[in-house]
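Structural overview
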Amino acid sequence: MSKQPIGDPAPIDGSIPSESLRMFTTSERGFSAYVHVPFCTVRCGYCDFNTYTATELRGFSRTDWAGAIIKEIEFSNEVLFSTQNGFDADELSKSGTDVGNEWQHPLQSVFFGGGTPSLIPAADIAKVISTLARTFGLEPEAEVTLEANPDTVSAEYLQTLVTAGVNRISIGMQSAVPHVLATLDRTHNPENVRIAVDLAKATGLETSVDLIYGAPGESLGDWKQTVQEAIALETNHISAYALIVEEGTKLHRQIRRGEFQPPSDDLQAEMYEYLDAELTQAGFSWYEISNWAKTPKHRSKHNIAYWQGDDWWGYGPGAHSHIAGVRWWNVKHPAAWSERLSNNLSPALQREVLSEEQIYEEGLLLRSRLIDGLELADIKPEAHPAVSELVSEGLLTKEIISEKAQTGEKETTGERLVLTLTGRLLADTVILRLLT
Amino acid sequence: MTPKAQQIQKPAATNPKDIRNFCIIAHIDHGKSTLADRMLQLTGVVGDRQMRAQYLDRMDIERERGITIKSQAVRMPWEVDGNSYALNMIDTPGHVDFTYEVSRSLAACEGAILLVDAAQGIEAQTLANLYLAIENDLVIIPVLNKIDLPSADPEKYANEIAKLIGCSPDDVMRVSGKTGLGVEDLLDKVVELVPPPKGDPEAPARAMIFDSVYDSYRGVVTYVRMIDGSLKPRQRVQMMSTKATHELLEIGVVSPEPIPSEGLGVGEVGYLITGVKDVRQSKVGDTVTSAQKPASEPLAGYTDPKPMVFSGLYPIDASDFAELRESLDKLKLSDASLQYEPETSAALGFGFRCGFLGLLHLEIITERLSREFGLDLIATAPSVVYRVETEDGKTLVVTNPSEYPDQKVRAVYEPIVKTAILLPKEYVGSVMELCQSRRGVMEGMDYLSEDRVELRYQMPLGEIVFDFFDQLKSKTQGYASLDYEPAGEQAADLVKVDILLQAQKVDAFSAVVHRDKAYSYGVMMAERLRKLIPRQQFEVPIQAAIGSRIIARETISAMRKDVLAKCYGGDISRKRKLLEKQKEGKKRMKMVGRVEVPQEAFIAALSGDIEEKK
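Since the structure is predicted, the reported quantities are computational estimates derived from the model, not experimental observations.

1. Side note on the overall build of chain B
Looking only at helices and strands, one finds 14 helices and 31 strands in chain B. Classification of the 614 residues of chain B by burial places 58% in the buried group.

2. Some words on the pattern of salt bridges
Throughout the structure, instances matching the rule amount to 57 salt bridges over all chains. With a closest N to O distance of 2.6 Å, A:Glu288 and A:Arg369 form a salt bridge. Here A:Glu288 is found in strand E8 (residues 285–288), whereas its partner A:Arg369 is found in the loop between helix H13 (356–367) and strand E14 (374–375), with 81 residues between them in sequence. For the pair formed by A:Glu288 and A:Arg369, the shared burial category is buried. Measuring nitrogen to oxygen at the nearest pair gives 3.0 Å for the salt bridge that ties B:Lys577 to A:Glu352. A residue pair is termed interchain when its members come from two chains, as with B:Lys577 in helix H13 (residues 572–587) and A:Glu352 in strand E13 (residues 348–353). For B:Lys577, a relative accessible area of 28% gives the class partly exposed. Put simply, A:Arg327, A:Glu352, A:Glu362, B:Arg576, B:Lys577 and B:Glu580 are held in one network by salt bridges that share partners.

3. Some remarks on the sheet that holds strand E18 (residues 377–379) of chain B
Residue and element names in this part refer to chain B. Read from one edge to the other, the open sheet built from four strands follows the order E16-E17-E15-E18, with strand pairing classed as antiparallel. Strands with a single pairing partner mark the edges of an open sheet, and in this sheet they are strand E16 (339–345) and E18. Averaged over all pairs of adjacent strands, the angle between strand axes in this sheet comes to 30°, irrespective of strand direction. Bridge analysis of E16 against strand E17 (residues 349–356) gives seven bridges, and the strand direction is antiparallel.

4. Topic: the packing of aromatic side chains
The final tally for this structure, using the stated rule, is 20 aromatic pairs over all chains. The interplanar angle of 15° and the centroid separation of 6.3 Å between the aromatic rings of A:Tyr34 and A:Phe111 together place this pair among those described as stacked. Residue A:Tyr34 is located in strand E2 (residues 31–37), and its partner A:Phe111 is located in strand E3 (residues 107–114); the two are separated by 77 residues in the primary sequence. Residues A:Tyr34 and A:Phe111 agree in their burial class; the two are buried. Between the aromatic rings of A:Trp313 and A:Trp328, the centroid separation amounts to 4.9 Å while the plane-to-plane angle is 75°, which identifies the pairing as edge-to-face. One end of the pair, A:Trp313, is in strand E10 (residues 311–315); the other, A:Trp328, is in strand E12 (residues 326–330), and 15 residues separate them in sequence. For the pair A:Trp313 and A:Trp328, one class covers both residues: buried. The rings of A:Tyr241, A:Tyr306, A:Trp307, A:Trp312 and B:Tyr568 are connected pair by pair, giving a single aromatic cluster. A cation over a ring is seen here: B:Arg387 above B:Tyr413, with NZ or CZ 4.4 Å from the ring centre.

5. Regarding the environment of A:Leu421
All names here are of chain A. Among the structural elements, leucine 421 can be located in helix H15 (residues 421–425). Under the relative-accessibility criterion, leucine 421 is labelled partly exposed at 32%. For the pair leucine 421 and leucine 395, spaced 26 residues apart in sequence, the C-alpha separation works out to 7.5 Å. If we skip the residues at most four places from it in the chain, leucine 421 touches Tyr272, Glu273 and Asp276.

6. Description of the pairing of E17(B)
All names here are of chain B. By the criterion of burial, E17 is predominantly enclosed, with six of the eight residues buried. Sheet topology places strand E15 (residues 309–315) next to E17; five bridges connect them, and they run antiparallel. Each bridged residue has a counterpart across the sheet, and for serine 311 the counterpart in E17 is cysteine 354. The hairpin turn running from E16 into E17, its antiparallel successor, is three residues long.

Rules of the game
Residues numbered from 1 in each chain as written. Chains lettered and ligands numbered in written order. Predicted model: local features only at pLDDT ≥ 70, side-chain atom pairs only at ≥ 80, totals over all residues. Heavy atoms only, no water. Helix = DSSP H or I, 4+ residues; strand = E, 2+ residues; numbered from the N terminus. Buried < 20%, exposed > 50% of the residue type's maximum accessible area, 1.4 Å probe, protein only. Salt bridge = Lys/Arg side-chain N within 4 Å of Asp/Glu carboxyl O. Pairing = 2+ DSSP bridges. Axes fitted to C-alpha atoms, helices over the stretch in contact; angles between N-to-C directions. Phe/Tyr/Trp six-rings, centres within 6.5 Å; stacked < 30°, edge-to-face > 60°. Lys NZ or Arg CZ within 6 Å of the ring centre and 35° of its normal. Contact = heavy atoms within 4.5 Å.

Dropping the structure here:
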């Protein structure tokens, strides 16, 4: 959700090329919803996400948010399922696809991200979830996650969320060390993390904590303390991100002015290695470069959807969407976004219709981040020598795939390439070498 | 009303007593071209409306940089006391690298306007050219330009000039090329003071070539000054240095466009077209004579241009090599002093070792290659010509440091130059220090005025080509000017420093330096490269060595992390675009062994333009 890329102008009616729409409608790929909450009480110094404090909102208020999101859900339903938008019901029924009221791709996941979603009253979250469920349906095992600031959750709030259908919570812990939190401008009380996690678990929510490492001034010792405290919380899922200093943030300016040293790649690498070893020891396994879970069923379905190229609609100002090779992103300011929806216009600012080459490259880029890695058969033959080199240099490992295909009878075999620990840290090098 | 000649003297039929040949000696930016423009306008050879700023500087680079690379000659009518004159203004190149061309332009004149910016005073090149003009017995007309500027200090600089040429400060004219103030008086003064040319109209023809320009439509246009005799169209002429004969397809004067004439007589200045396609067939300084009735002696002063500075030019994209060759072939048609031959570098691939008159010449050529021919080039660090005597008594001429022998040598000789540096007196200390650090030997120091000093040093040219001019400018806040001329060679204690990446020699970085400086050069280069070469998957040692002895070492530690930790829905497009950019960047990498070195690192390491890598 950081700085917007540059794309082509997006059509004002939100229409999607008919070929993509057809692929979306007929594919087996999962479908997800991202819902953006563009509010924070303060802006953290490292954050370049599309979020606004009360004073920055101008003609838009938090109470307008749920109504506008619901408008965008209705708008998305029009775009994806109106016959005027290139969707030919007759043709689809001829091809054996069932259309009509029984939508065969109900949502596999919903994710409320921010910003600070926990600033939204639980009742508004409930309205959004029920609109999504009514419009698209939810899979029985659908994952519904909400990001929360540890200071903003209460037992009552969490209970209402669960009633509304939320079943997973991601708590922004970032660090256990006060001076690191101060550098990051995080205002929460570190002790509240434990309270929030315990409350969430007691309410029956799947719970994850988010960590950030490599902040200016953070020592390896500081990080070890954070990691140990995070493990002690006994969640089933942990995400940890090396701090990225984005242009335009306060932290970027502070570094430019020499107030802080920029994060060191070497130290961040050391921190990553420590983290991975400790989490493994504590019973976690990595399943994506920055994500660890205790068992496969605790992995985040929503995030995996991004990495395996599923379809999703991103609701809210600045949110990104992906439908069958078309990516677009909404206008950033909440007032402008909501204004467009009020006029029944698409809130999309720009989009990209990906070429086959781009889809291939993006596929490698995203799937390589996952524990399941890349199937050799999916890598173009001209990159196979690079694969062998990367294996011999210890950046990739080769695994034999041997599993029953879904049809049951035939056993498919092949080779799969997975990043090693060194490879995970040098994933950009790996991808670049596979593509050049 | 602008005074224009009522009657125009006809070429080939002009009495030498009515001819005045003069040039303008000036520093870059001192307004020579603007003054020339004003003269063209006042004499009526260019209409006011067709006046294009700085008409005479034809090449874009010249106009942008305000310098004249190629001289031209313009014939202008002027009337004084009812008598009509033909004034030939010969525009001289204004830079140190083109001393020889300047000397030939001066040899075509009887007088010179010494043009000095009234806000800046005289500069080193102007001084050098002034001395050259005085040696050639030219009448000097001192002029202060830009007197309309608020910062002008004509009193001060008139005194300075008066002291230099031994006249009275009152004799120094004051003009503004921009407003035209004083320019008519100046033209009158030219008629009054510059002597008419002398020559024998009956003698066999002798015309001195003072410029030779390639024109893609007409072939080579040769500018000449008739010394003796005359030349006519359709006549066969002979180039005295090569004895080659050509037919004069066209002969004429420039005013300011070429106008064919019935010929050129004694003292006249004009152009010849013979149909030759290469300026090397019509060389500056050569004498043109009649093929039927050749002169027995050529005019004095002809020499072949000798390159002083060498650099390897390599296309960044190896597939541009053929295009580089074609482009050089084309440039050579208009530049007799450009030399080149193919060479191969292990680090840079296929390119050309090129010889230039000097640093500006190098810069002009590389800029023209990039601008006119669209080539992306790497130029290796400029080198001079070393003469090496080996232990077994052989002599090698080395223009490329990587070819400098590795084994012990008996002696090595480097070219030296005499330099003149003009600067405000407050910088004398730091400039003397700079010159001494560059092995300069002081030969003299003079005060031009109360606060301006001329320093004279003898220095190895190799020290000047390496960053000296930039250093000089930065030590004097841009106030110093520099001129140098070849002064032979000297034996020196020189060694070759090689740079190794992962134990592999990178030929493009080899340099021949004085033994006392080898260590600091090695340390500097190794440090530069450490800053410029991105970290690789493995550790990369960078070493500087003399032969097999390592004198400096730096290490680029192995890269441990490059992955972007976060890659969610909203990051994907941006991340893919970044990847696309990285892919492009990778294409511009040169492999040295297993080490990927970005082109930019080569360019920056060789130019000294360092920005810490990300």
